[in-house]
Structure formats: structure tokens, C-alpha cells
Protein chains: 2
Amino acid sequence: MTLQTIADQVGVSRMTVSNAFSKPDQLSATLRERILSAAQELGYVGPDPAARALARGSTGAVGVIFTHSVRFAFTDLVATGFLGAIAEELAPTGLSLTLLTSSDDGDIVPARDVAMDGALVYSCDWKSQAVDFLHRRKLPLVYVDQDVDDDIPSVNIDDRGGAAAAARHVLELGHRRIGLLLSGTHGPYGLLATPEAAEGHSSRQRLLGWLDELGPAGAELISARQDSATPEHARWGARLLLDRPDRPTAVLCFSDAIAYGVLQAAAELGIDVPGQLTVVGFDDNPLASQVRPTLTTVRQDLAAKGRAAAAALTAAIEHARTGAPAPVEHIVLPTELVIRESSGPAAAPPRPGSAR
Amino acid sequence: MTLQTIADQVGVSRMTVSNAFSKPDQLSATLRERILSAAQELGYVGPDPAARALARGSTGAVGVIFTHSVRFAFTDLVATGFLGAIAEELAPTGLSLTLLTSSDDGDIVPARDVAMDGALVYSCDWKSQAVDFLHRRKLPLVYVDQDVDDDIPSVNIDDRGGAAAAARHVLELGHRRIGLLLSGTHGPYGLLATPEAAEGHSSRQRLLGWLDELGPAGAELISARQDSATPEHARWGARLLLDRPDRPTAVLCFSDAIAYGVLQAAAELGIDVPGQLTVVGFDDNPLASQVRPTLTTVRQDLAAKGRAAAAALTAAIEHARTGAPAPVEHIVLPTELVIRESSGPAAAPPRPGSAR
DNA sequence: GAGGCCTTCTTTACCGGTCAAGAGCCGCGT
DNA sequence: ACGCGGCTCTTGACCGGTAAAGAAGGCCTC
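Remember, it's a predicted structure, so these values are computed and weren't measured experimentally.

The rules behind each value
- Residues numbered from 1 in each chain as written.
- Chains lettered and ligands numbered in written order.
- Predicted model: local features only at pLDDT ≥ 70, side-chain atom pairs only at ≥ 80, totals over all residues.
- Heavy atoms only, no water.
- Least-squares fit on C-alpha atoms with pLDDT ≥ 70 in both.
- Contact = heavy atoms within 4.5 Å.
- Core = buried A, V, L, I, M, F, W, Y, C linked by side-chain atoms within 4.5 Å.
- Buried < 20%, exposed > 50% of the residue type's maximum accessible area, 1.4 Å probe, protein only.
- Domains from an automatic or database assignment.
- Pairing = 2+ DSSP bridges.
- Helix = DSSP H or I, 4+ residues; strand = E, 2+ residues; numbered from the N terminus.
- Axes fitted to C-alpha atoms, helices over the stretch in contact; angles between N-to-C directions.
- Near = heavy atom within 4 Å.
- Polar contact = N/O pair within 3.5 Å; in protein donor to acceptor, adjacent residues only side chain to side chain.
- Nonpolar A, V, L, I, M, F, W, Y, C, P; charged D, E, K, R; others polar.
- Parallel < 35°, antiparallel > 145°, perpendicular 65-115°, else oblique.
- Buried area = accessible area lost by both parts, 1.4 Å probe.
- Salt bridge = Lys/Arg side-chain N within 4 Å of Asp/Glu carboxyl O.
- Phe/Tyr/Trp six-rings, centres within 6.5 Å; stacked < 30°, edge-to-face > 60°.

Asks: Mind showing me how you'd approach the relation of the copies chain B and chain A here?
Replies: Mapping between the two chain copies consists of a rotation about an axis together with a translation along that axis. Superposing chain B onto chain A requires a rotation of 180° together with a translation of 0.0 Å along the rotation axis, leaving an RMSD of 0.1 Å. Within this description, the copies of the chain are treated as partners about a two-fold rotation axis. Judged by C-alpha distance, T98 of chain B is the residue of chain B that lies nearest the rotation axis, at 2.0 Å. Taken as a fraction of all interface residues of chain B, those also at the interface in chain A reach 100%, which identifies the copy contact as same-surface.

Asks: Just checking my understanding: could you explain the nonpolar core for this structure?
Replies: Ranked by internal contacts, the top residues of the largest apolar core, which has 150 residues, are L252 of chain A together with L252 of chain B. Sequence-distant contacts of L252 of chain B, that is, excluding residues within four places in its chain, are made with A166, A167, V170, I178, G179, L180, L181, W210, L214 and V280 of chain B.

Asks: Please clarify how the domain arrangement of chain A should be interpreted in this entry.
Replies: Quite often, the size of an interface is put as the accessible area lost when its parts meet. Annotation of chain A at the domain level lists domain 1 (3-47), domain 2 (61-157 + 302-334) and domain 3 (159-299). Once you take the C-alpha centre of each, domain 1 of chain A and domain 2 of chain A turn out to be 36 Å apart.

Asks: Sorry if this is basic, but what is going on with the sheet that holds strand β12 (residues 330-333) of chain A here?
Replies: Strand-to-strand pairing in sheets goes through backbone hydrogen bonds, with the strands running parallel or antiparallel. The mixed open sheet is built from 12 strands, whose spatial order is β12(A)-β5(A)-β4(A)-β3(A)-β1(A)-β2(A)-β2(B)-β1(B)-β3(B)-β4(B)-β5(B)-β12(B). Each edge of the sheet is formed by a strand with only one pairing partner; in this case those strands are β12 of chain A together with β12 (330-333) of chain B. On average, each strand axis in the sheet is inclined to that of its neighbour by 20°, with strand direction left out of account. Of the strand pairs in this sheet, strand β4 (residues 141-144) of chain B and strand β5 (residues 154-157) of chain B are connected by two bridges, and their pairing is parallel. Residue pairing in the sheet places V144 of chain B in a bridge with V155 of chain B of β5 of chain B.

Asks: Could you clarify how one ought to interpret the protein's contact with DNA strand D in this entry?
Replies: Every one of the 25 residues lining DNA strand D counts as a neighbour, but T16 of chain A together with L3, S18, K23 and Y44 of chain B are closest to it. Protein-proximal atoms of DNA strand D, defined as those within 4 Å of the protein, fall in sugar or phosphate at a share of 65%. A distance of 2.8 Å is found between a phosphate oxygen of DNA strand D and a backbone nitrogen or oxygen belonging to L3 of chain B. Contacts to DNA strand D include R52 of chain B, whose side-chain N or O atom sits 3.2 Å from a phosphate oxygen. Elements with a contribution of two residues or more to the surface near DNA strand D: α2 (14-22) and α4 (49-56) of chain A together with α2 (14-22) and α4 (49-56) of chain B. Looking at the surface near DNA strand D residue by residue, the classes come out as 13 nonpolar, six polar and six charged.

Asks: Looking at this model, I keep getting lost on the packing of α2 of chain B against helix α3 (residues 29-42) of chain B. Mind explaining?
Replies: When two helices pack together, their arrangement is given by the angle between the helix axes and by the axis-to-axis distance. All names here are of chain B. Contact geometry for α2 and α3: axes closest at 10 Å, N-to-C directions at 90°. In terms of their interaxial angle, α2 and α3 are classed as roughly perpendicular. On the side of α2, the interface is formed by T16, V17, A20 and F21, while α3 contributes L31, R32, I35, L36 and A39.

Asks: Looking at this structure, how should I read the interface of chain B and chain A?
Replies: Across the boundary between the two partners, chain B contributes 43 residues, which contact 43 residues of chain A. With both chains or domains summed, chain B and chain A bury close to 3,700 Å², and 61% of this area falls on carbon and sulfur atoms. Three residues stand out in chain B for area buried against chain A, namely V45, R71 and F74 of chain B, and they jointly supply 20% of the buried area on that side. For the interface between chain B and chain A, the tally reads four salt bridges. E88 of chain B is the partner of R71 of chain A in a salt bridge, and the nearest nitrogen-oxygen pair spans 2.5 Å. Seen at the junction of chain B and chain A, the total is seven residue pairs in polar contact (both at pLDDT 80 or more). For the side of chain B that touches chain A, the secondary structure elements donating two or more residues are α4, α5 (72-75), α6 (77-90), β2 (96-100), α7 (110-113) and α8 (129-136) of chain B.

Asks: Hey, could you run me through the packing of aromatic side chains in this one?
Replies: Think of a pair of aromatic rings as described by two things: how far the centres are apart, and how the planes are tilted against each other in angle. Residue and element names in this part refer to chain A. The final tally for this structure, using the stated rule, is nine aromatic pairs over all chains. With 5.8 Å between their ring centres and 70° between their planes, F66 and F72 make a pair best called edge-to-face. We classify F66 as buried; its relative accessible area is 0%. Judged by centre distance (6.5 Å) and plane angle (80°), the rings of F66 and Y122 are edge-to-face. Pair noted here: F66 is in the loop between β1 (61-65) and α5 (72-75) and Y122 is in strand β3 (residues 119-122), with a separation of 56 residues, a long-range link. Put simply, the rings of F66, F72, F82 and Y122 touch in pairs and so form one group of aromatic residues.

Asks: For this particular structure, what's the right way to read the pattern of salt bridges?
Replies: In this structure the tally under the stated criterion is 34 salt bridges over all chains. Its salt-bridge partner being R204 of chain B, residue D147 of chain B comes within 2.8 Å of it at the nearest N-O pair. Separated by 57 residues along the polypeptide, D147 of chain B in the loop between β4 and β5 and R204 of chain B in helix α10 (residues 200-217) bring together distant segments of the chain. Overall, the relative accessible area of 27% leaves D147 of chain B in the partly exposed class. Each of D284, R299, E336 and R340 of chain A takes part in one network of salt bridges that share partners.

Asks: Help me understand the packing of helix α1 (residues 3-10) of chain A against α2 of chain A, please; the structure alone is not making it clear to me.
Replies: All names here are of chain A. Look at α1 against α2: their axes get within 8 Å of each other, and the N-to-C directions meet at 110°. In terms of axis orientation, α1 runs roughly perpendicular to α2. Touching L3, Q4, I6 and A7 of α1 are R14, V17 and S18, all from α2. In terms of residue class, the contact of α1 with α2 is made up of four nonpolar, two polar and one charged.

Asks: Which parts of the structure should I look at to understand the protein's contact with DNA strand C?
Replies: Contacts to DNA strand C come from 25 residues, most closely from M15, S18, K23 and Y44 of chain A together with T16 of chain B. Of all DNA strand C atoms lying within 4 Å of any protein atom, the proportion belonging to sugar or phosphate reaches 64%. Here a phosphate oxygen of DNA strand C and a backbone polar atom of D48 of chain A are 3.1 Å apart. Separating a phosphate oxygen of DNA strand C from a backbone N or O atom of S28 of chain B is a distance of 2.8 Å. Of all the secondary structure elements, the ones that give two or more residues to the surface near DNA strand C are α2 and α4 of chain A together with α2 and α4 of chain B. The greatest single-element share of the surface near DNA strand C, amounting to five residues, is contributed by α4 of chain A.

Asks: Sorry if this is basic, but what is going on with the environment of L182 of chain B here?
Replies: Tracing the backbone shows L182 of chain B in strand β6 (residues 177-183). Each C-alpha atom of the pair L182 of chain B and L252 of chain B lies 8.6 Å from the other, and the pair is 70 residues apart in sequence.

Right, dumping it as C-alpha cells:
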């Protein structure tokens, strides 16, 4: 059941049948009608996508790859916000979105073996083998929340500036002993987090942003990393900072998910927020305005990020298709401090041992 | 830069190079090594996915299609739970997940034009043209939350039984005037919802389940449909039921998302839950145990549903590949009533006009 | 020492389309 | 009456692989 089958049936050349489906203006309307109805009758649905992809050199799908487990794409509120915007933005172009797992093991590696027209590299370990495959395939790529590479279009947010604004905010509130809570799923958790040890571009940039302000101010810093994957982990990590006599009076968090863990840990320990503890998140995810107390955070516009990324990717694909030299843009979207209930003026520090 | 390039360079046949990449046991280790290093040197990444898809007849990706906007895949908590489980379950098989939009307009229709090995039909308008394309392509399919078709494997939950349990629960609590709140995004909203008018399999089954119990019990029913897409819509719909003198003392909701809207509307109207109003949801989504009051609901196991769907799909693909006759399974997963804070015994009905 | 089998590589024949250039026909302007 | 451009349709080449059967050599067996 191929084009040829229809062609023989109608008595035209294969090419004409192809045109009937793919380039309606290349043949007379009446013949086209005849061909389509013959196809209908024979149960021919349309040109085989795989064959078409080979001949045309394009597939109609783009990939998105991240180093985390695929599940992350559906559980993390920032990821869902972003990917949802991407998907919506891509829909009218007819492109479908394929979720690539970055499993380097196994004999099948999606980044190498799945046909696609281009890909988004999102929140990825940039030296991961999967990303390397994408490069070597010379696929049109767009980096999102990723260290910028001069040759590759990118969409980022002003992580560093936003983090600095958050730090400035707590300093202005009078806080001087400040906890920093990064995310991290690899390696040992615990105190001490340096820009070098930060996992991923955003972690690093946000930490740098905090330090930009806190360093010169001479604040006392207590940093740690924690996993935001599950609420249990998040709470556990927060304990590292709160369960100590010299606990910070303010905690800056890598994300709202982590900040949420801090809020819960604080509640369990009977620490009042913002009375005794100021908590600042990052992202302004949908939860941030729903939890009690509502979360002071740094907003990023996920919809705008999605739109920008989709636009950059379709542009890159278009340029690759036509062979035009691609102008490489590096977009940085603004962030904005949103002050809500979880931050307040520094109170007298609790006497050692009085916590809990 | 094709297999032939490498073949010429090394001085072997094209087929041997193909085997070096795809069937390592078909040639000597030393020659394979030689081929791979030559490929590396020439910058050849691996067999072209599109060409391989054509020759092999399989692509390494499966689709998932739903009638809603693609965004729905990332915003609805039930959808994200399910899709996350799917993606995770698919990862070890090496299959990637492609999100198909069901846009029938435009010249490119993913359901017809994207290459894939099989597809999940999830929560879809079953007479949608997109689903019809999938059928006609004779792709291995699995129906999820969909009316069963004898010829197509399906995974469903016991919607009707769960709904009946919820209805029984409110009856046992003494409620006799009961509101039914379905979901619906098409057509006019408003009172009156019949099984025929219900949109989609789940809606219909859940409504039937309620009626199974409420009908014989002679309860007074007030039904309506509302959109759960945004919290505003949800609240607005709930008003239809609550903003009336003879308002129900209990409301059964199609989903937790809708129930959440009812809770909010109740709070706005100063109606105490569960004191003056019992609210029962469906799905037991993550929110259900987080909101105050916590939501009495009917639990479905999304992870199990994802696992079952992924397994059914890979099985169907495998059968199609080998040409073996596919045993068509229809899986129905159990549901379970979870009683929390939002349901309580029926109180004396408010005197007409006293509401608000 | 001949036949059989395994390993390793090659040959031949597709997979199902699209691109680009060519050929027949028609109407039109002159 | 003729040349020319524009519509239609056809021709031939190519996209980059894989399946399956065949051929060459080596080892083992009896």
C-alpha cells in the first residue's frame, strides 16, 4: 500500500500521487480529487512519515532533553510551566514535542537514535553524552537555562540579578546571618556550597547573585544543598540549617520547591515565618502564592521563556533548512522580586538552645 | 557522510559498517574497532535515524494524543501524574514519548504525519479526526480513560464503581439534596447534566456511578457542568450550585480540581465545609491531601495506570512487530474511597434565603 | 581427507517517498 | 502561423539505511 498502488489504480505516475497529498497546487483539482478518493477507497492514509522524513530531511518533531529523570518533566512546577508553554507555542507550527531521556546506558540512546528536526537542551548537564550526540548530529539546538555557548542560541533568565535582588531584600530587612539553600541531587548533601560545586547553570548563577550582595555586606553565611525531588527530602535538607543553635534568621532558596520545604520544616520546629525566620524562594511557581505564608520569591516568566525558546528553535530549524547563516541570539529574560508574606524584618536572634 | 563513506575509508562493504553500529556480534571485534574509530575520525555519529526508521520500520518513539490543548498535559495534575509514570516506565525500553497535538486544522496533522511505533489515546474525543488517523495507519494503540473498543487494548479505572462509592458515602452521611458537578469545556454550562451530555468516558461513567446509588435512594439532584481549566472558572461553576436558596448539602465532583473550586466558592460564600456542605472529589490528586479542609475523594493509582498503559503499549508494539496475533486486554484498575475532612453528616438545611 | 558447520563479510534487493529537470499541451500575443 | 510562457504531468536519480541469502575460509569430526 504505497503511492505506487494508488498511482497504478488511477493510471498516473507516482509523483503525481505524491503531489496530490503534499503539493495540491501542482495538479488539477479534478485529478487530485480522483486520486484522493481512490486512496480513500484503498485505505491509504497518506505518505508514510518515515519515508517522507528520509526523503525530505525533516520529521515534524523536535526534541527536548534534560538530564533529570523524565518524570521531572511532569512533576517539577517550573518544568511543567515551561514545557507547557513550549508545547502550546509549538502546536500551531505543526511540530510535535518529543521527550528525550538522557539514558546513556542501554543500546538505544534517544539523543542519537530518534529522528527530529531540532532540540531544546533544557536544564542539562552540559557535558552529558546525550547532549554531545545532539551536537555531533549537527541538529539545530537551543539552550535553555544553560551556560551559554557562543555558537548556540540560548534563552536564559537573569538568575544572577534576581538572586542579587533577593539578597538585597533580606539585607535591607536587617538580616545578617543568612542561610543559602541550593538544590542538588548528586553527591553528599550538607553544608558548604560553592559556585564550583553548584550543580547546573541556574544553581551557580543564583549562588553567585546572592554572593554578589552578601559578600560585600559581610553577612555570615551558612550554605547547604538539598534535594527538592520529594517534600520529605526538602524538609530534611532544611533541617540542616534550622536545627542548629546559630540558625540563620533568613534563608535564601534556590527554588520555591525548596523554600516550601523550609516552610514545612519551620512549621514542624515551631519557628514562626516571617516572625523568626525569613524565607525567600525563586521562580514564583504557582505554589508560591498559594501556601501560607505566601512566599516572597523572584519571579521568572515561564510563558515568555517558553515562547522565546520555541521561537528560537523554529528560527534555528528554518535557517538550517534554507542553509542561511543563522544569527545566534542569546536571550536573557528579566526577573523580578515579588515580596509576599514570608519575609520580614530581622528579629533578635533566638538564644542558643531555645529553638524547638 | 553516510555508511558508504566509512565503508570506502576502511575498505569494507557498507553492510559491514552498518553491522558495526547495529549488530556488533556480526563481525570481528578488531574490525569493528577499526570501523568505529574511522567513523569517529570522520565525524560520523551513527546511522541516520530517519533512514533507519524507514528500513527497519520502527522509530523508537511512541505518541500520546489527547483532545485537549497540549498544555493540558502539563497543567492538569492527573495528566501529569499519569504521563510522568508513562515516561518513566518507557525510559528503560529506550522509547521516547512524543506529545501529539490533535489540531485537525493546518496542513500538518501530527497524528497522520509523525512517525511513531504506536500511540496512547488518552482522554480523547474518540470521534476526533486525529484518532481516526491513528486507526487508519494501523498503529498499535492503547486506549486510556476511553470507551473500550473490543479490538483495542485499553486501560481504565473503575470510574463507575468509585463514583458509586462516593455517592454511597454521602447518602450514609444523611445527605438527600445532592449536587453533581461534571466537567465540561464545550457548549453551554449550566444546570442539567445527563449521561448523554457528559463529555468523555470518565464524565459519563462517573455520572452513571453516582446515579446508580442516588437514583434508587430517591435523592434530590441538582447537576451542573463546569470548566476546571482555571480556578476562576471552577469557582464560577460552583456558584451555580451554591448560590441558590435550595442549595445542596453535599456536592459530588467530577475531579479534585473541580472540588477545589467548590471549596473556594464555599469559603467565599461563608459556607462551612464540612459543617454546612460536604464536598467529595475524584482522583485523589496531590492537592487533595494538601488543601484545607483535606478532600474526601476517590483515589485512582496514576502510577499503576501509567505502568499498565506503558506495558500494554510495548506489548502491542511487540506483537505488531512479530506479526503475532495480539491478545487484546482490557484492564480496569480499582478505585478506592478516601475519607478526609471535607465530608460530614448532613446538617439541618439552611432556611431559604439565609445563605450568605 | 572430505563433508559439515560456524564465523565473517558481501551481494542483492528493497523500504516509500521527494526533488529537480524535462516533455506535452494549451492559449495567447503578434 | 509561430514562438513562448504557464499549467500538468512524467522521468530518473537519490535519501541512507537494513534484511536475508550467499560466498569464502577455517576448524572440527568421523
